[in-house]
Amino acid sequence: MKKRLSLTMAMMMLLTGIFAGALAEGVMPRNSNYFSSYGASLTDEGGGTVMIMFTTTGTGLCSQLGVASYSVQRLDDDGNWEDVSGLLTGETGSNMITYSFSRYFYGVPGETYRVNVTFLSTLNGSTETKTYTSGQITVQ
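Because the structure is predicted, anything quoted here is derived from the model rather than measured.

### So, unusual backbone geometry
Then step 1. The phi torsion at Asn-95 lies on the positive side, around 55°, for a residue other than glycine.
Then step 2. Relative to the helices and strands, Asn-95 resides in the loop between β7 (92–93) and β8 (96–106).
Then step 3. On the accessibility criterion, Asn-95 (54% relative accessible area) is exposed.
Then step 4. The residue Asn-124 is not glycine, and still its phi comes out positive at about 55°.
Then step 5. Looking at the element boundaries, Asn-124 is found in the loop between β9 (112–123) and β10 (126–133).
Then step 6. On the accessibility criterion, Asn-124 (74% relative accessible area) is exposed.

### Thoughts on the pattern of salt bridges
Then step 1. Using the criterion set out here, one finds 3 salt bridges in the structure.
Then step 2. Between Arg-74 and Glu-82 there is a salt bridge, with its nearest N and O atoms 2.0 Å apart.
Then step 3. Judged by relative accessible area, which is 18%, Arg-74 ranks as buried.
Then step 4. By relative accessible area, which is 29% here, Glu-82 ends up partly exposed.
Then step 5. A salt bridge links Glu-111 to Arg-74, with the nearest nitrogen and oxygen atoms 3.1 Å apart. In this pair, Glu-111 sits in the loop between β8 and β9 while Arg-74 sits in strand β4 (residues 64–75), placing the two residues 37 residues apart along the sequence.

### Remarks on the nonpolar core
Then step 1. The biggest cluster of nonpolar side chains holds 24 residues, and the ones touching the most others in it are Ile-52, Phe-54, Val-67, Tyr-70, Val-115, Val-117 and Phe-119.
Then step 2. Contributing elements (two or more residues each) for this core: β2 (35–46), β3 (49–62), β4, β8 and β9.
Then step 3. Broken down by element, this core gets its largest block of residues, 5 residues, from β9.
Then step 4. Excluding residues within four positions of it along the chain, Phe-119 makes contact with Phe-35, Tyr-38, Gly-39, Ala-40, Thr-55, Thr-56, Gly-66, Val-67, Glu-128, Thr-129, Lys-130 and Tyr-132.

### Points about the packing of aromatic side chains
Then step 1. Applying the stated rule across the entire model yields 8 aromatic pairs.
Then step 2. Relative to Tyr-38, the ring of Phe-35 has its centre 5.2 Å away and its plane inclined at 65°; by these criteria the two rings are edge-to-face.
Then step 3. Judged by its relative accessible area of 0%, Phe-35 falls in the buried class.
Then step 4. Judged by relative accessible area, which is 6%, Tyr-38 ranks as buried.
Then step 5. A centroid spacing of 4.8 Å and a plane angle of 25° characterise the contact between Phe-54 and Phe-101, whose relative ring orientation is stacked. Here Phe-101 lies in strand β8 and Phe-54 lies in strand β3, a separation of 47 residues in the sequence.
Then step 6. With relative accessibility at 1%, the residue Phe-54 sits in the buried group.
Then step 7. Site record: aromatic cluster; members linked through ring pairs are Phe-35, Tyr-38, Phe-119 and Tyr-132.

Parameters and conventions
- Residues numbered from 1 in each chain as written.
- Predicted model: local features only at pLDDT ≥ 70, side-chain atom pairs only at ≥ 80, totals over all residues.
- Heavy atoms only, no water.
- Helix = DSSP H or I, 4+ residues; strand = E, 2+ residues; numbered from the N terminus.
- Buried < 20%, exposed > 50% of the residue type's maximum accessible area, 1.4 Å probe, protein only.
- Salt bridge = Lys/Arg side-chain N within 4 Å of Asp/Glu carboxyl O.
- Core = buried A, V, L, I, M, F, W, Y, C linked by side-chain atoms within 4.5 Å.
- Contact = heavy atoms within 4.5 Å.
- Phe/Tyr/Trp six-rings, centres within 6.5 Å; stacked < 30°, edge-to-face > 60°.

By themselves, these are just geometric observations and shouldn't be taken as functional.
Dropping the structure here:
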């Protein structure tokens, strides 16, 4: 059921327009020969569950497009960000212009989280990666 909900949400975001949804979700256009835009957003699903939505758009038909890796960080009591997930493998698609997917993270209610992401685009035989840090969310 969660996969169906995630897929439906991804499709709705794509259908409403990449840039209209991009500004609301923290996805901003980028100056690149490989990426038109990329970003990640966090949604509190309740009970400590956070949905992480990754979205990227290439500048053309990319032989590989998506997320190479990502990690989840928690804001500690001293105001520092600490890694709580380790380096996680992302997901990529082949022969795509736009690629979106989501993952779930199970945090602790009352804690604040963000995601560090490495996006990947392969276009015309060359590859570029971009790093991105999402906005933060306090889990309910």
